[in-house]
Amino acid sequence: MTPSRLFFNSSIIRQNLRQHGWIGIIYALGLLFALPMQLFMRETPNSLPQEIKNLFQIGNGIQSLFIVVFPVAAGLFLLYYLQAKSPSDLWHSLPLRREHLLTTHLLSGLLLLLPPVWLTAAVTAVVRQWGGNMFIYEGVDIWNWCLVVTLLTIFLFCFSLFVGICTGQSIVQGIITYILLLLPAFLITLMNSHLSTYLYGYPHVYNVNTSAEAWSPLIHIMNIAANPFSMKEMWIYGALSVFFIALSFLLYRKRHVEKAGQAIAFTAFNPLFKAGVMFCAMLISGTYFTSDKQQLGWVIGGYAIGAVIGYVIAEMILRKTWQILTRRVPLEWAVYTVLIGLLLYIPASGLTGYENRVPSNDKISGVYAGGNYWMWGYDQGSLADAPTDHVPFSNDKDYIEAVRKLHLALTTVRPEVDTQSVANYTRFQSFTLVYRLNNSRKLVREYLVPIKGFEPELKAVMETEAYKREAYNMFQLEENTYRIRLSNRDKAVDISNPVEIAEFKEILKREILNMSFEEQTSDRTPEAYIEVYSDQKQNVNRSSLFYEWEPFYQEMESWLVEKGYADKVRTTAAEIKSAEIMKDDFDGSLSNEEVYNPEKHVELARKEKQTVITVDKTLITTILEQERDFAARHGMILVRMEYKNGNIEYVQLEDSDLTPALRALLP
């Protein structure tokens, strides 16, 4: 036998191309529609050609749909002969060894799938300079697109073949293929919810935003336009393709022909399949039942129900019948439940010392404290909106020690967070603590810190320059700026003079660095909002940054008054028709759904004749000078402001904010 007959049987390949050639044809038409054709199909044909970062931005995700469907479909149809008894008997009676059959089908699949990718890339290159092409891209963009789609197509096809070897039904092969492609992200999300429920300080938000997509090829492909695959990831998928093909050859040699029609072709995989289904079911059920009720009964019941459902589903799939009850079922279910229960319990129990782990000062090379770490994606690179050369960590020893003391206080006291009061953000500070250790690893924790009781520790951290520079994104003020806009309600004013922009930014930096702990945690309403527009050439991922004109920014107020900008944007008493004032003493009189609705507070006060309306401009000016954001706090003075343009706003005052005239006005 010649090598071509051994490994590339031309007759079988021709038969595969005749029988399944429609897959390649539709894949080619789909990719041609999703890329080259879309280059000429913009909604605004008269607009100028748009420069793009990569070709995956074309077509609004249609490319991803074709990429994830057709390679898997090719694997399903080419291995269909394995999943049915008659075709399986026929193919395996041919004078060809199994590795020869698999090699031939593997080559057939690549011949069906790869020419469409290369054809699409060639057409995209040809039309690059054509009139009517509404996008600007380079030859390297086409090469990158072709390389990425080629490798992803090979990986998905090889993975589908591997799953097909391990299963005995085409439907199961397709379902398990997509489940496994999603499973890493799914498990990470569920485990994050599970661990964050029981582990104090577990960085749920940080992990969700940094891990899920990177571990699921399916999710990553669907988001490929915004987050393209890196070269390192492509090497990994190339290596995984080789690994799954090698494993497919190994397993195919041991696969029994009579397993066609069974859900799982290898009996040795049944315990793993059963445990996997039970693990996922227990996580889902446990997370659902403990999301609101964390009493021991609900916790145990939630995971037990998941264990029953998972075991029954797995057994029915494996046996292909709903009649699964035998004598061994209760014992086997109990063993699986205990083992998986321990697997879930131990990491979440705190036995590993996770909750109390605070690194010593000599092991820390840098620290970050604030609420923006996850937003900037410092660990993701491609998703990061911050400058790539920006380092969020501070190596200031005093700052590191201040953060450590805050961390130690939290792990010692472990303050309870009243979920009904979380919406009152002025009572809490959200902190992500990130230690960069000497061994290059990171230790990340997240806390919602109540201000009351932690004032010394919070003050030591929040009044440092290192904290303010990260918490207020001050590195962004070092970038080129072409415009600054101050806005307040329906009023706005632009600062475009380069000299004034430079002066304003320097004042803003000084004001931020001079803020005290009390000012940072104040609920005073900003005078206006500041939008800083950065140079687009320097920052391709964003166009503006946001800050606030705080009422205690005295230098900024003087500068804005001097330049004539303050009165153009600040609210004045002349704009307000009336102010309705009441003492908000209705804690417990409103339901949880109504307590954060200020109108409900006013309606209740009106019924008890506890409100008074004033149109005195002097009193209204006093209110505007002292106003605070509404936060449904018991004992505050609630003010309903009616503007002359019909708008209604609610603000609050503390008792200490009241002047004698305002105090005398209260009923």
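Our structure is the block above this text.
Report on the accompanying structure. This structure is a prediction, so every number in the text was calculated from the model and none was measured. (Residues numbered from 1 in each chain as written. Predicted model: local features only at pLDDT ≥ 70, side-chain atom pairs only at ≥ 80, totals over all residues. Heavy atoms only, no water.)

Strands sit in the order β11-β10-β13-β14-β12 across an open sheet of 5 strands; the sheet is antiparallel. On the outer flanks of this sheet lie β11 (611-614) and β12 (628-629), each paired with one strand and no other. In terms of strand pairing, strand β10 (residues 576-583) meets β11 through 4 bridges, oriented antiparallel. Of the residues in β11, the one forming a bridge with Ala579 is Thr614. In this fold helix α23 (residues 598-607) packs onto β10, β11, β13 (637-643) and β14 (648-653), with an angle of close to 105° to the strand it touches most, β13. Set on the sheet, helix α24 (residues 617-626) makes contact with β10, β11, β12, β13 and β14; between it and β10 the angle comes to about 70°. (Pairing = 2+ DSSP bridges. Helix = DSSP H or I, 4+ residues; strand = E, 2+ residues; numbered from the N terminus. Contact = heavy atoms within 4.5 Å. Axes fitted to C-alpha atoms, helices over the stretch in contact; angles between N-to-C directions.)

Note that Lys491 resides in strand β7 (residues 491-495). Residue classification places Lys491 among the buried residues on the basis of a relative accessible area of 19%. At 2.6 Å, the side chain of Lys491 and the backbone oxygen of Arg570 are in polar contact. (Buried < 20%, exposed > 50% of the residue type's maximum accessible area, 1.4 Å probe, protein only. Polar contact = N/O pair within 3.5 Å; in protein donor to acceptor, adjacent residues only side chain to side chain.)

This part is about the packing of helix α6 (residues 98-126) against helix α7 (residues 139-166). Interhelical geometry of α6 versus α7 gives an angle of 160° and a closest axis separation of 10 Å. By the criterion of interaxial angle, the relationship of α6 to α7 is roughly antiparallel. Pair α6 / α7 crosses with right-handed handedness. Partitioning the contact of α6 with α7 into residue classes produces 18 nonpolar, 6 polar and no charged. (Parallel < 35°, antiparallel > 145°, perpendicular 65-115°, else oblique. Left-handed = near helix turned anticlockwise from the far one by under 90°. Nonpolar A, V, L, I, M, F, W, Y, C, P; charged D, E, K, R; others polar.)

Strands sit in the order β3-β4-β5 across an open sheet of 3 strands; the sheet is antiparallel. In this open sheet, the two strands that pair with only one neighbour each are β3 (364-370) and β5 (442-450). Within this sheet the neighbouring strands show an average axis-to-axis angle of 15°, counted without direction. Bridge count between strand β4 (residues 428-437) and β5: 9 bridges; the pairing is antiparallel. Bridge pairing links Leu433 to Arg445 in β5. Contacts from helix α16 (residues 397-413) reach β3, β4 and β5 within the one sheet, and its direction differs from that of β3 by about 65°. Strands in contact with helix α17 (residues 455-462) are β3, β4 and β5; relative to β4, the strand with the most contacts, it is inclined by about 60°.

For helix α19 (residues 498-514), which comprises 17 residues, the first-to-last C-alpha distance of 24 Å matches the rise-based estimate of 24 Å (1.5 Å per residue) to within 8%. Buried residues of α19: Glu500, Ile501, Phe504, Lys505, Ile507, Leu508, Lys509, Glu511 and Ile512, and no others. Regarding α19, its N-cap is Asn497, as a side-chain oxygen of that residue lies 2.8 Å from the backbone nitrogen of Val499 further along. (Expected span 1.5 Å × (residues − 1).)

If you check helix α13 (residues 296-319), its first and last C-alpha atoms are 34 Å apart, about what 24 residues at 1.5 Å a residue would give, namely 34 Å. Those residues of α13 lying buried are Val299, Gly302, Tyr303, Gly306, Ala307, Gly310, Tyr311, Ala314, Glu315 and Leu318. Elements that come into contact with the buried residues of α13 comprise α8 (170-198), α12 (270-290) and α14 (328-348). Positive phi shows up at Lys320, right after α13, with a value of about 60°.

Just geometry here; none of it tells us what the structure is for.
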